[in-house]
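# Chains, contacts and geometry: an overview
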Amino acid sequence: MPTPQRMPAQRNPAIPYSLFPIPSLFPIPSPLSWLAWITATAALTAAMWSVRVHLDEAHVALTYLLLVLVGSVRGSRARGVALAFLSFLCFNFFFLPPHYTLLVRDARDWMVLFTFLAVAGVATHLIHRARTEAEEARRRAAEVNRLASLGAETLSVGRAEEALHAVEHVLRATLRLDACRIYLPDAEPDAEAVVIAAEQGVGVVERVDGTRRLLPDAEPRIPHVPEIAALSLPLRVRERTVGVLRIARADGLELDAGEQRFFTALSYYAALGAERVRLAAEAERAEALREADRLKDAVIASVSHDLRTPLTTIKALAHDIAAEGDGRAADIEDEADRLNRFVADLLDLSRLNADAVELRPEVTPAEDLIGAALQRASGTLQGRDVRVSVDGGSADGGDTMPLGRFDFVHSLRVLVNLLENAHKYSPPGTPIELSASRDGDRLVFRVADRGPGIPPAEAEHAFAPFYRARGAQPDVGGAGLGLSIARRLAEAQGGSLHYAPRPDGGSVFTFSLPAADLPGEPVEPGVSQEGTNA
Ligand code: ADP
């Protein structure tokens, strides 16, 4: 996938670019407000002076203190300190003997004055601290809100790639970067650091002097390294590197605490965006594969269907010609039969793939299925020694008939296929063993032979359509559809079909189906009662 294209120069008005829209903690005081507070101090002094005979030092000190507190709350710390000092002077000048001088005669008055100054100073400081903390908390809350809405907007854009463009754009604009780019895994990297970050999963710092330094992790933060010109950061989601974010600024990448937090949050968005792109691509690929599969099934179904009619005609004509005494017609008939079977298998496979196979499960004795299979395969087996054993598996040692609940026609087809394969792939003189037994809630058939078996590495592939053993003669056996159809038929009925090598050579195919009990029979522990009412 190519690198995300650059976003058009338009700016999303909903995305906030200013990180700190809240007024600074140290506003520049306007001269007018200073004048107002000096006037207020003067007015308060005048008012107290006019009634000085009724006031003692405590009244005056407390009133000035009130003024200092109100001034601190309404303004900056500087104003609080200035008001405290001004009040201190006024207090001394007008209300402490000798009046109208800054001299203090009595040592206790010094104590009053300095206590006043200390209390005013501490109160101003505490008010300032409380306000700073409140403003910081408000600032953080606003920042979190901004990042949350930015994240929502960034990641809710229509296409996943657009989310990445949006993150790049916002990072570049907000942190005043010269370059900001998100590299997806298959993008062409234009910086060596990007390749290192992607391969090693750690951050890579490029310094102004051209040297590089690897960071110990992939944490999304600007490290304390002097003169950083660029940072390449692997974007990781659930331990997987989904891309690399590279940011660069020629005059050095130094971010303050707020910008760091912003960068960290945005790099998480970038990682989520890159993961979204990956998932979207994966979903697209899966959909394309599904579509190709559907098409393939449709083609197979339609071609197989269309082949059937001419095959029937060929077979009928060959039959007529054979009746007239031409020996070659029998070969034509055989080949037509073979082709017919292949076409029928193809049709069945496409039906199984489309889950369009009809099942009629009924409670049936294992012996019935075995009898029918031996009869159906008798033409192929040609008198082959088949040793049959049926084990009732009754807990009291008595002879009971193992039952299963399965579709007779489909299960017959599986068992016949296993018998024919055992005959086909094992030496003629060796016996084939066919057994049926009850194993918990399963009715299990085993078909064992003394053939070469299937190499362990290929055992599972043998159940894939069109599998043929390596080096198999083209004219031996069918098209490699038998086992794949058999396994799907078994699974469609809630059963299974597995291969295992035999200890002394040969193959065992284990075909299991849901077991059943006769109504009224005691149910063994762990044995399903499914099918008892059938
Ligand atoms: P085919 O029509 O080729 O027999 P199957 O799907 O029935 O197709 O079998 C797939 C392949 O599995 C066969 O070509 C053969 O190589 C291998 N195979 C199946 N059954 C046996 C067996 N009893 N012993 C050895 N190999 C077997």
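Source: prediction; values computed, not measured. (Residues numbered from 1 in each chain as written. Predicted model: local features only at pLDDT ≥ 70, side-chain atom pairs only at ≥ 80, totals over all residues. Heavy atoms only, no water.)

## Some details on the site of the ligand
In plain terms, the rule: A cutoff of 4 Å decides nearness: a residue is near a molecule or strand if any of its heavy atoms lies inside that distance of it. Think of a polar contact as two N or O atoms within 3.5 Å of one another; within protein, one of them needs to be a possible hydrogen donor and the other a possible acceptor, and neighboring residues in sequence only count if both atoms come from side chains. Exposure was quantified through the Shrake-Rupley algorithm and a 1.4 Å probe, taking into account, for residues, occlusion by the shown protein chains and nothing else. Think of it this way: any DSSP run of H or I at least four residues long counts as a helix, any run of E at least two long counts as a strand, and we number them from the N terminus. Note on residue categories: nonpolar means Ala, Val, Leu, Ile, Met, Phe, Trp, Tyr, Cys or Pro, charged means Asp, Glu, Lys or Arg, and polar means any other residue, Gly included.
Taken together, 20 residues form the shell around the ligand, and within it N421, Y425, D449, A469 and L483 come nearest. Side-chain polar atom of D449 to a nitrogen atom of the ligand: 2.9 Å apart, as the coordinates give it. Contacts to the ligand include G480, whose backbone N or O atom sits 3.4 Å from an oxygen atom. Relative to its free-state accessible area of 530 Å², the ligand is covered by the protein chains to the extent of 96%. Of all the secondary structure elements, the ones that give two or more residues to the shell around the ligand are α10 (408–424), α11 (482–492) and β12 (507–516). The element contributing the most residues to the shell around the ligand is α10, with 4 residues. Tallied by class, the residues present in the shell around the ligand amount to 10 nonpolar, 7 polar and 3 charged.

## Considerations on the environment of A354
Secondary-structure assignment places A354 in the loop between α8 (328–353) and β6 (361–365). As a C-alpha pair, A354 and D297 span 57 residues in sequence and 8.1 Å in three-dimensional space.

## Here's the deal with the nonpolar core
Our working definition: Each nonpolar core is a collection of buried residues, namely Ala, Val, Leu, Ile, Met, Phe, Trp, Tyr and Cys, held together in the definition by side-chain atoms within 4.5 Å. Relative accessibility decides the category of a residue: with a 1.4 Å probe and only protein chains considered, values under 20% of the type maximum give buried, values over 50% give exposed, and everything between is partly exposed. What makes two residues a contact is simply this: any of their non-hydrogen atoms within 4.5 Å.
If you look at the biggest cluster of nonpolar residues, it comprises 43 residues, and the most contacted ones within it are L415, L418, L419, F445, V447, L497 and F511. Contributing elements (two or more residues each) for this core: α8, α9 (366–381), α10, β9 (432–439), β10 (442–448), α11, β11 (496–501) and β12. With near-sequence residues (within four places) excluded, V447 lies in contact with L415, L418, L419, A422, I432, E433, L434, S507, V508 and F509. In this structure, L147, L253, L255 and A265 belong to the second largest nonpolar core, which totals 35 residues.

## A short note on the pairing of β9
Keep this limit in mind: By the convention used here, strands pair only if DSSP detects at least 2 bridges between them.
Taken across its 8 residues, β9 has 6 buried, putting it largely inside the fold. Pairing analysis gives 6 bridges linking strand β7 (residues 386–391) to β9, with the strands arranged parallel. Within the sheet, the bridge partner assigned to V386 lies in β9 and is I432. Pairing of β9 with β10, which is carried by 7 bridges, proceeds in the antiparallel orientation.

## Digging into the packing of helix α7 (residues 257–323) against α8
Convention followed: Helix axes are fitted only over the stretch in contact, all axes being lines through C-alpha atoms; the angle between N-to-C directions runs from 0 to 180 degrees. To sort the angles, those under 35 degrees are grouped as roughly parallel, those over 145 as roughly antiparallel, those from 65 to 115 as roughly perpendicular, and the leftovers as oblique. Take the far helix as the reference: if the near one is turned anticlockwise from it by less than a right angle, the crossing is left-handed, and if turned clockwise, right-handed.
Two elements in contact, α7 and α8, have axes whose closest approach is 8 Å; the angle formed by their N-to-C orientations is 160°. As far as their axial angle goes, α8 and α7 are roughly antiparallel. Crossing geometry of α7 relative to α8 is assigned as left-handed. For the contact of α7 with α8, a count of residues per class yields 16 nonpolar, 6 polar and 5 charged.

## What to know about the confidence of the model for the protein
We count it as follows: As a per-residue measure, pLDDT tells how confident the predictor is, with possible values from 0 to 100.
Per-residue confidence for the protein averages 84 on the pLDDT scale, and 88% of its residues sit at or above 70. Counting contacts from residues 1–26, a segment whose pLDDT is below 50, to residues more than four positions away or on other chains yields 58 contacts. Contacts from residues 522–534, a stretch scored under 50 in pLDDT, to residues over four places away or in other chains number 20 contacts.

## Thoughts on the packing of aromatic side chains
Two measures describe an aromatic ring pair: the distance that separates the ring centres and the angle between the ring planes. We apply this condition: Any two rings among Phe, Tyr and Trp, with Trp reduced to its six-membered ring, count as a pair given centres within 6.5 Å; such a pair is stacked if its planes are under 30 degrees apart, edge-to-face if over 60, and tilted if neither.
Applying the stated criterion across every chain, the model contains 15 aromatic pairs. A ring pair is formed by Y64 and F116, whose centres lie 6.4 Å apart and whose planes are at 65°; its orientation type is edge-to-face. In this pair, Y64 sits in helix α2 (residues 57–74) while F116 sits in helix α4 (residues 107–155), placing the two residues 52 residues apart along the sequence. Each of the two residues, Y64 as well as F116, counts as buried. Ring plane angle 55° and centroid distance 5.3 Å describe the contact between Y499 and F509, whose orientation is recorded as tilted. On the criterion of sequence distance, the pair formed by Y499 in strand β11 and F509 in strand β12 is long-range, its members being 10 residues apart. In textbook terms, an aromatic cluster arises when at least three aromatic residues are bridged by ring pairs, as seen for W49, Y64, F91, F93, F94, F95, Y100 and F116.

## Concerning a nonpolar patch on the surface
What counts is decided by this rule: Two joining distances apply to patches: 9 Å for like charges and 5 Å for nonpolar side chains (Val, Leu, Ile, Met, Phe, Trp, Tyr), and every residue must have over 30% relative accessible area and no salt bridge. For this document, the term salt bridge refers to a Lys or Arg side-chain nitrogen within 4 Å of an Asp or Glu carboxyl oxygen.
On the surface, a nonpolar cluster with roughly 340 Å² of combined accessible area is contributed by L295, V299, V303 and L307. Examined against the element boundaries, L307 turns out to sit in helix α7.

## Things to note about the pattern of salt bridges
Under the criterion given, the structure shown has 27 salt bridges. E333 is paired through a salt bridge with K315; the nearest N and O atoms lie 3.6 Å apart. Placement of E333 in helix α8 and of K315 in helix α7 is noted, with a sequence separation of 18 residues between them. Shared partners join several salt bridges into a network, and the residues in it are R238, E275, R278 and E282.

## Concerning the pairing of strand β4 (residues 228–237)
In terms of burial, β4 is largely enclosed, as 9 of its 10 residues are buried. Bridge count for strand β2 (residues 204–207) against β4 is 4 bridges, and the pairing is antiparallel. What sits directly across from E206, in β4, is A230. Note: β4 against strand β5 (residues 240–248), 8 bridges, orientation antiparallel. Along β5, the bridge assignment pairs S232 with R246. The turn joining β4 and β5, which pair antiparallel and follow one another in sequence, is formed by 2 residues; a positive phi near 45° is taken by R238.

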